[in-house]
Amino acid sequence: MPWIPRHALLRSLLTASLVALPAWCLAHARLEQAQPARRSALSSSPAQVRLRFNEAVELQYSHLSVTDSSGHTLSTAPTLAPDANTLEIALPKLSPGTYTVHYRVLSVDGHVIESAYPFTLQAPAAAP
């Protein structure tokens, strides 16, 4: 076996690591679709929140809730859709105002993602 200088071996290992890094970073779960959407302005109360991720999530280690503008939690019992990529939570009838969806999920690759986003329910337009 030929002798390889230590600095050449280290350079090769570093290059291989940097090439593999983008694929490794993209391997974690990410939110693909949210209903209601981030910063949406709705004209009617949504019946549920649905979050679809690019890969399966572990329900028992995931959290999904909705809070009103006062910080009161309105809903906290998510279910997992049959595709295992979508968390759902039922909502009560909402009054006009701003609401925040909070989520924390553990993907099957073992990584946690956590975030929150607002949506607004607008007051009905006054009849002319």
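From a predicted model like this one, the values you see are computed outputs, not experimental measurements. (Residues numbered from 1 in each chain as written. Predicted model: local features only at pLDDT ≥ 70, side-chain atom pairs only at ≥ 80, totals over all residues. Heavy atoms only, no water.)

(A) A look at the sheet that holds strand E4 (residues 63–67). Ordered in space as E2-E9-E8-E4-E5, the five strands form an open sheet in which the pairing is mixed. Single-partner strands in this sheet number two, and they are strand E2 (41–42) and strand E5 (73–75). Relative to strand E8 (residues 97–106), E4 runs antiparallel, the two being bridged by five bridges. Bridging across to E8, His 63 finds its partner in Arg 104. (Pairing = 2+ DSSP bridges. Helix = DSSP H or I, 4+ residues; strand = E, 2+ residues; numbered from the N terminus.)

(B) View of the packing of aromatic side chains. Inspection of the entire model under this criterion finds two aromatic pairs. Each ring, one from Phe 53 and one from Tyr 103, has its centre 5.8 Å from the other, and the planes form 65 degrees; the classification is edge-to-face. With a gap of 50 residues between them, Phe 53 in strand E3 (residues 48–53) and Tyr 103 in strand E8 connect regions that are remote in the sequence. For Tyr 103, a relative accessible area of 6% puts it in the buried group. (Phe/Tyr/Trp six-rings, centres within 6.5 Å; stacked < 30°, edge-to-face > 60°. Buried < 20%, exposed > 50% of the residue type's maximum accessible area, 1.4 Å probe, protein only.)

(C) Representation of the side chain of Glu 88. Within the element layout of this structure, Glu 88 appears in strand E7 (residues 86–90). Under the relative-accessibility criterion, Glu 88 is labelled buried at 16%. Not counting the four nearest positions on each side in its chain, Glu 88 is found in contact with Gln 48, Val 49, Arg 50, Leu 64, Ala 77, Pro 78, Thr 79 and Ala 81. (Contact = heavy atoms within 4.5 Å.)

(D) Representation of the pattern of salt bridges within the structure. Under the defined criterion, the tally for this structure stands at three salt bridges. Of the charged contacts in the structure, one is a salt bridge between Glu 88 and Arg 50, with a shortest N-O distance of 2.0 Å. Within this pair, whereas Glu 88 is found in strand E7, its partner Arg 50 is found in strand E3, the two being separated by 38 residues in sequence. Among the ionic pairs, Arg 104 bridges to Glu 114, the shortest N-O distance being 3.8 Å. Within this pair, whereas Arg 104 is found in strand E8, its partner Glu 114 is found in strand E9 (residues 112–121), the two being separated by 10 residues in sequence. With a relative accessible area of 60%, Glu 114 lands in the exposed category. (Salt bridge = Lys/Arg side-chain N within 4 Å of Asp/Glu carboxyl O.)

(E) Geometry of the confidence of the model for the protein. Here the protein averages 84 in pLDDT, while 76% of its residues score no lower than 70. Here residues 20–26 is modelled with pLDDT under 50, and outside its nearest four sequence neighbours on either side it reaches zero contacts, counting other chains as well. (pLDDT = per-residue confidence, 0-100.)

(F) Quick look at the nonpolar core. Counting residues in each nonpolar core, the largest one holds 21 residues, and the members touching the most others are Val 49, Leu 51, Phe 53, Leu 64, Val 101, Tyr 103 and Tyr 117. Once residues within four sequence positions are removed from consideration, Tyr 103 is found in contact with Leu 31, Arg 38, Leu 51, Phe 53, His 63, Leu 64, Ile 113, Glu 114, Ser 115, Ala 116 and Tyr 117. (Core = buried A, V, L, I, M, F, W, Y, C linked by side-chain atoms within 4.5 Å.)

(G) Structural detail: the sheet that holds E7. With antiparallel pairing, the four strands of this open sheet are ordered in space as E1-E3-E7-E6. A strand with exactly one partner marks an edge of an open sheet, and here the two such strands are strand E1 (31–35) and strand E6 (79–80).

(H) Quick peek at the pairing of E3. Only one face of E3 is covered, namely the face carrying Val 49, Leu 51 and Phe 53; the face carrying Gln 48, Arg 50 and Arg 52 is uncovered. Bridge analysis of E1 against E3 gives four bridges, and the strand direction is antiparallel. Across the sheet, residue Gln 35 finds its bridge partner in E3, namely Arg 50. As paired strands, E3 and E7 are joined by five bridges and run antiparallel to one another. Bridge assignment links Gln 48 to a residue of E7, and that residue is Ala 90.

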